[in-house]
Amino acid sequence: RSPSSPLHAVHAARQPGSLPGLASRLHYERHRPEQTTLYRLVQQHAASFIAHTEASTDAELPRFIKDEFDAFLECGILAHGFLRLRCGECGHDKLLAFSCKRRGFCPSCGARRMSQTAAHLVDHVIPHVPVRQWVLSLPIPLRVLLAAQPELVTPVLQVVQRVVTRHLLRQAGLKADEGHGGAVTLIQRFGSAANLNIHLHCLVLDGVYCCDADGSPAFIEADAPTDDELHALLQTVIARLMKMLTRRGVLVEDMGQTYLAEPDADGEEARTLRPLQAAAITYRIAFGPRAGQKVLTLRGAMPREDSARQPLCADIDGFSLHAAVRVEAHDRKRLEQLCRYITRPALSDERVQVNAAGQVELKLKTPWRDGTTHLVLSPLEFMQRLAALVPRPRLHLIRFHGVLAPNAKLRSLVVPQGPEVEERATAAVAASECVVQTETNPDRPDRPHRIAWARLLKRVFDIDMQHCPNCGAGELKIIAAILERPVIEKILTHLGLDPQPPPRGRAREARQD
């Protein structure tokens, strides 16, 4: 377990009695998830959702989905354990609750992972060369297929990367064996309406590496693709994907028609998880009184006409390929912003509201063309959406290709060393650390460690959490991890905080919701 994400708990205020230099600064306050609408909805309705789903399908929900709901209800709650920090100068104490570290719908952990991943990619993975974002969206039948069979994501990515890499080699005037491309793919599983929408964001080095006579890699930039070239590339991707999926028996060709093969419908997962996923992809309701119907919407904006065709965007039969976003080699700040955007969490607390009728109103990030600004769901229908967003355990959502692949020969020669390595190069290193590194592997640089949450706050919000907010001089250090229930209750009671976790709702009849 790790400390609760601080990225949703930032406030601006003047602190009386603080040092002059600390006035009007942003400071950190503990995130209180139990006060958010999303937490209360899960707290009150998760048990009912699980019971109704299992009763409707006569099958059990996958264990990892139940664990996701349980972990979310413990995330950031002091009554489930915390770290105790103390200032070495004034003795000021601060408590930091543990987080769930889940990847489904927790906004706090999602925000932490977003900033963590973006910083890691910029500091330790993506070289200082131009980067172009290639976004591939898939038709609904293939979204359903990849949700049900996530092992197919790997061959799909291989097809896409081969097509894009060969295009870059042609643009650079090189043959297939004369250059090496590189890319990072982030598999995004959601849309703005908390719908299940599996699509690929590929951050591709906008060029290729060519090795000199001495083996040193030199980067050759590629020309930007034209609209016609992008359309041709998408046609190639579609043809090869169809061929690959047909060869694997996933697609069936009969009488000139291509359709998905019938999936196995015998397992419990086929009766519970797959209907949830299919409904979340098609904006429908999986179970309950409105099963099969479209989600209700609210139109709070004026409809707008279809805009002119976007540059460097191709659309064919439900497939879409977009390649208009390019980041220059020197613009690392914009690159990190792009990485944050494509690794953002599926939900934010601010977008989830409950109206007077007890229905959940989910605000869209951007109004749809027909003026829709909100989706309206019952609490149990909203729980169905959350369950569909939970990825399977051990499913990697970030993939590395070409020279950025983990075992690529050129990787150590092209990736940035990171600010930590540069700082160590200018500072004296302890003799014991030098001995350890020399004995283990003197030729291999240290692997980048996970960025501490205090440094992450400093990087994202320019907040100094390493020093005491009370005196401004002392350094906050972890003095204990409090996990035992009696100790938790004693400390929280002494501080005047509730020592008991928020109560969870019991399963209720569907008509009561």
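Analysis parameters
Residues numbered from 1 in each chain as written. Predicted model: local features only at pLDDT ≥ 70, side-chain atom pairs only at ≥ 80, totals over all residues. Heavy atoms only, no water. Helix = DSSP H or I, 4+ residues; strand = E, 2+ residues; numbered from the N terminus. Expected span 1.5 Å × (residues − 1). Patch = residues over 30% accessible without salt bridge, like charges linked within 9 Å, V, L, I, M, F, W, Y side chains within 5 Å. Areas by Shrake-Rupley, 256 points an atom, 1.4 Å probe, with all protein chains shown as cover. Salt bridge = Lys/Arg side-chain N within 4 Å of Asp/Glu carboxyl O. Lys, Arg positive; Asp, Glu negative; His and termini not counted. Charge placed at Lys NZ, Arg CZ, Asp CG, Glu CD. Pairing = 2+ DSSP bridges. Axes fitted to C-alpha atoms, helices over the stretch in contact; angles between N-to-C directions. Contact = heavy atoms within 4.5 Å. Phe/Tyr/Trp six-rings, centres within 6.5 Å; stacked < 30°, edge-to-face > 60°. Buried < 20%, exposed > 50% of the residue type's maximum accessible area, 1.4 Å probe, protein only. Lys NZ or Arg CZ within 6 Å of the ring centre and 35° of its normal.

A. View of helix α1 (residues 37–57). Here α1 contains 21 residues, and its C-alpha end-to-end distance of 29 Å stays within 8% of the 30 Å for a straight helix at 1.5 Å per residue. Once α1 finishes, D58 follows within two positions and takes phi at roughly 55°, a positive value.

B. Structural view of a positive patch on the surface. Where like charges cluster on the molecular surface, the positive patch consists of R162, R166, R170, R240, K243, R247 and R248. Mapped by element, the contributors of at least two residues to the positive patch are α5 (153–171) and α6 (227–247). Residue position: R248 is located in the loop between α6 and β11 (251–254).

C. Quick peek at the sheet that holds strand β8 (residues 196–205). Spatially, six strands are ordered β14-β15-β6-β8-β7-β19 in an open sheet, and the strand pairing comes out antiparallel. Since the sheet does not close on itself, it has two edges, and those belong to β14 (313–316) and β19 (398–402), each with one partner. With direction set aside, neighbouring strand axes in the sheet form an average angle of 20°. With four bridges joining them, β14 and strand β15 (residues 319–327) adopt antiparallel strand pairing. When the sheet's bridge partners are listed, D315 is paired in β15 with S320. Seen against the sheet, α6 touches β6 (131–137), β14 and β15 and runs at an angle of roughly 40° to β14.

D. Structural context of the packing of aromatic side chains. Within this structure, the stated rule accounts for six aromatic pairs. Measuring from ring centre to ring centre gives 5.8 Å for F49 and F69, while their planes differ by 50°; the resulting arrangement is tilted. With F49 in helix α1 and F69 in helix α2 (residues 63–74), this residue pair connects regions lying 20 residues apart in the sequence. There is no split in this pair, since F49 and F69 are both buried. Judged by centre distance (5.7 Å) and plane angle (85°), the rings of Y283 and W368 are edge-to-face. Here Y283 is found in the loop between α7 (268–281) and β13 (296–299), whereas its partner W368 is found in the loop between β17 (360–363) and β18 (372–377), with 85 residues between them in sequence. The class of Y283 is partly exposed, set by a relative accessible area of 25%. Assessed through its relative accessible area of 25%, W368 is described here as partly exposed. Taken together, the ring pairs connect Y39, F49, F69, F72 and F105 into an aromatic cluster. In this structure, R344 packs its charged tip against the face of Y341, placed 4.2 Å from the ring centre.

E. The arrangement of the sheet that holds β17 in detail. If you walk across this open sheet you meet the four strands as β13-β18-β17-β16, and the pairing is antiparallel. Two strands in the sheet have a free side with no partner beyond their single neighbour: β13 and β16 (352–354). When strand polarity is set aside, the average angle formed by the axes of neighbouring strands in this sheet is 30°. In terms of strand pairing, β13 meets β18 through four bridges, oriented antiparallel. Note on β18: the bridge partner recorded for R299 is T372.

F. Focus on the pattern of salt bridges. Under the definition given, this model contains 17 salt bridges. Where E60 meets K66, a salt bridge forms, and the shortest distance between an N and an O atom there is 3.0 Å. The class for K66 is buried, based on a relative accessible area of 10%. A salt bridge links E381 to R290; its shortest N-O distance comes to 3.4 Å. One end of the pair, E381, is in helix α9 (residues 379–388); the other, R290, is in the loop between α7 and β13, and 91 residues separate them in sequence. Taking the relative accessible area as the measure of exposure, E381 reaches 9% and is therefore buried. Connected through shared salt-bridge partners, R63, D67, D70, E74 and R504 make up one network.

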